[in-house]
Every structure is written in C-alpha cells, then in structure tokens.
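Remarks on the overall topology
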Amino acid sequence: MRPAPPTDLKPFFLTLTDVDAEYDGALDWPKFFGNDRPVELDIGSGRGLHLVTAGEARPDTNFLGIEIDYREGRRAARRLQKREMHHVRVLGGDANLALSKYITPHTVDAVHVYFPDPWWKRKHRSRRIFNDRFVALCSQVLKPGGLLHSWTDVEEYFHDIEALMDHHEDFVTLPPPAEKSPEHDMDYRTSYERKKRKLGLPIYRGQWQRKPL
C-alpha cells in the first residue's frame, strides 16, 4: 500500500516561494490574513506552542510564525489546522530574508523571539539570530511603539541580546515581564521554558519598545 500523500497545510503553512507565487512577493497583511487586525511575528516559532496559546487567547490579533525548519513549521501548522485558527499561520524560510524583503516597513505590532538557538560552540556563534542586522530589521518592520520580546534560558546569550538592544538608538528598554505561574501544562512560551522551569532553572526575559520615527 502506498503511503498517503502529504497533507496540504495551506494557508496554515506557506514558504517564501509560495509568497512569491501567490502574494506577488509581498506580505500585505490585509490581503494575507483577510483582515486589518494587528500583526505579531514569532521568530523561530518551532512547534508552535506560543502561536497556539497566544492565538487562542487573542483572537483579534493575527500571528505569523517564521521557522527555517520546514518539518517543525509544518508540525506547528498541523496544530493550527486542527484548531481552525485562520488568524495564525507559519511561514517557512529564513527570518532575515522575510524581514528584509517581504514585510512592509513599520507594519508589525510586536516581534517575539523565544529561546533562540544558542549555537554553543564559539565558532558557530555567528549563526545566532540576534546580531546587529537582525535588530536593525526588527526596527525596520515594527511600528512606532511596537514591542520586541525575547526570552532565553541561556544567561550569556541574554546578556548579548541586552547589549544589542539596550544601546540601540531605535529602542527603549522596558521592565522585564513578571514570571507567572502556568495555569496548565501548555501555558508556556515554548517547550524549552516548560522543561527549564520544571527543573527550577531561571528564565531571562526582556522587552523593548520601538521609538517614534
């Protein structure tokens, strides 16, 4: 017996190639989501835990996860498809390319970056998502007053993120969000947070606001 063909996950999962072919190479939010609600990005959205929980809690906001790992992105999209969450989608591709080429400047209300890959080996640290270019691209897509949220369990990486964000001329540093007790086992930003908090380990949280133009 032949295996079943892959499930068509559109519109819950699309690639940058799909955006080129179906949206003229531009993420025009009213056209893409079919409404003019606020838009928030989840960079490195993984299996989609934050997308699902945020999407369920805030149905009046559109969420787009950007995930370079298609397998993980499609896994997240299946969760969205099962719940019929049409205001939440996953885009497969490189976040830097999506931010620089596909998103109209100053049209995003918030950017979330939770538990980014730390790339532990020193020779690999240039692959980390947070660098001067990425921060500049976040500044480019965020609306004035928009927020950038980032959490990690890696203290050294968080200090690097702070150094980039706290001294950037386009951002104001806000107090970190308070840690709250989860209401259930899915009430975490990612599975990494759940794992680390259950071990009693600290999570480092930061948020920054885009200054007026």
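This write-up is about the structure you can find in this document.

Definitions and cut-offs
Residues numbered from 1 in each chain as written. Predicted model: local features only at pLDDT ≥ 70, side-chain atom pairs only at ≥ 80, totals over all residues. Heavy atoms only, no water. Axes fitted to C-alpha atoms, helices over the stretch in contact; angles between N-to-C directions. Helix = DSSP H or I, 4+ residues; strand = E, 2+ residues; numbered from the N terminus. Parallel < 35°, antiparallel > 145°, perpendicular 65-115°, else oblique. Left-handed = near helix turned anticlockwise from the far one by under 90°. Contact = heavy atoms within 4.5 Å. Nonpolar A, V, L, I, M, F, W, Y, C, P; charged D, E, K, R; others polar. Buried < 20%, exposed > 50% of the residue type's maximum accessible area, 1.4 Å probe, protein only. Polar contact = N/O pair within 3.5 Å; in protein donor to acceptor, adjacent residues only side chain to side chain. Pairing = 2+ DSSP bridges. Salt bridge = Lys/Arg side-chain N within 4 Å of Asp/Glu carboxyl O.

A short note on the packing of helix H3 (residues 49-57) against helix H4 (residues 70-83)
What describes two packed helices is the angle between their axes and the distance between those same axes. Interhelical geometry of H3 versus H4 gives an angle of 25° and a closest axis separation of 9 Å. Between H3 and H4, the angle falls in the class roughly parallel. Between H3 and H4 lies a crossing of right-handed hand. From H3, Leu-49, Val-52 and Glu-56 reach across to H4, where they touch Arg-79, Leu-80 and Arg-83. In terms of residue class, the contact of H3 with H4 is built from three nonpolar, no polar and three charged.

Overview of H3
Residues Leu-49, His-50, Leu-51, Val-52, Ala-54 and Gly-55 constitute the buried set of H3. Considering only its buried residues, H3 is in contact with strand S2 (39-43), strand S3 (62-67), H4, strand S4 (88-92), strand S5 (108-114) and helix H8 (191-198).

Looking at the side chain of Asp-18
Mapped onto the elements, Asp-18 comes out in helix H1 (residues 16-22). Of note is the side chain of Asp-18, whose polar atom sits 3.4 Å from the side chain of Lys-10. Excluding residues within four positions of it along the chain, Asp-18 makes contact with Lys-10 and Tyr-23.

Observations concerning the sheet that holds strand S8 (residues 204-210)
Across the sheet, which stays open at both edges, the eight strands sit in the order S1-S4-S3-S2-S5-S6-S8-S7 with mixed pairing between neighbours. Single-partner strands in this sheet number two, and they are strand S1 (13-15) and strand S7 (171-174). Sheet twist, expressed as the average angle between the axes of neighbouring strands with direction ignored, equals 20°. Where strand S6 (residues 142-152) lies against S8, six bridges are found, and the strand directions are antiparallel. Considered in S8, the bridge of His-149 is made with Gln-207.

A look at the pattern of salt bridges
Applying the stated criterion across every chain, the model contains 16 salt bridges. The shortest N-O distance in the salt bridge between Asp-24 and Lys-31 comes to 3.7 Å. A salt bridge links Lys-198 to Asp-185; the nearest nitrogen and oxygen atoms lie 2.6 Å apart. With Lys-198 in helix H8 and Asp-185 in the loop between S7 and H8, this pair connects stretches of sequence that are 13 residues apart. Given the relative accessible area of 55%, Lys-198 is considered exposed. On the basis of relative accessibility, which here comes to 41%, the residue Asp-185 falls in the partly exposed class. The network of salt bridges with shared partners includes Arg-125, Arg-128, Glu-156 and Asp-160.

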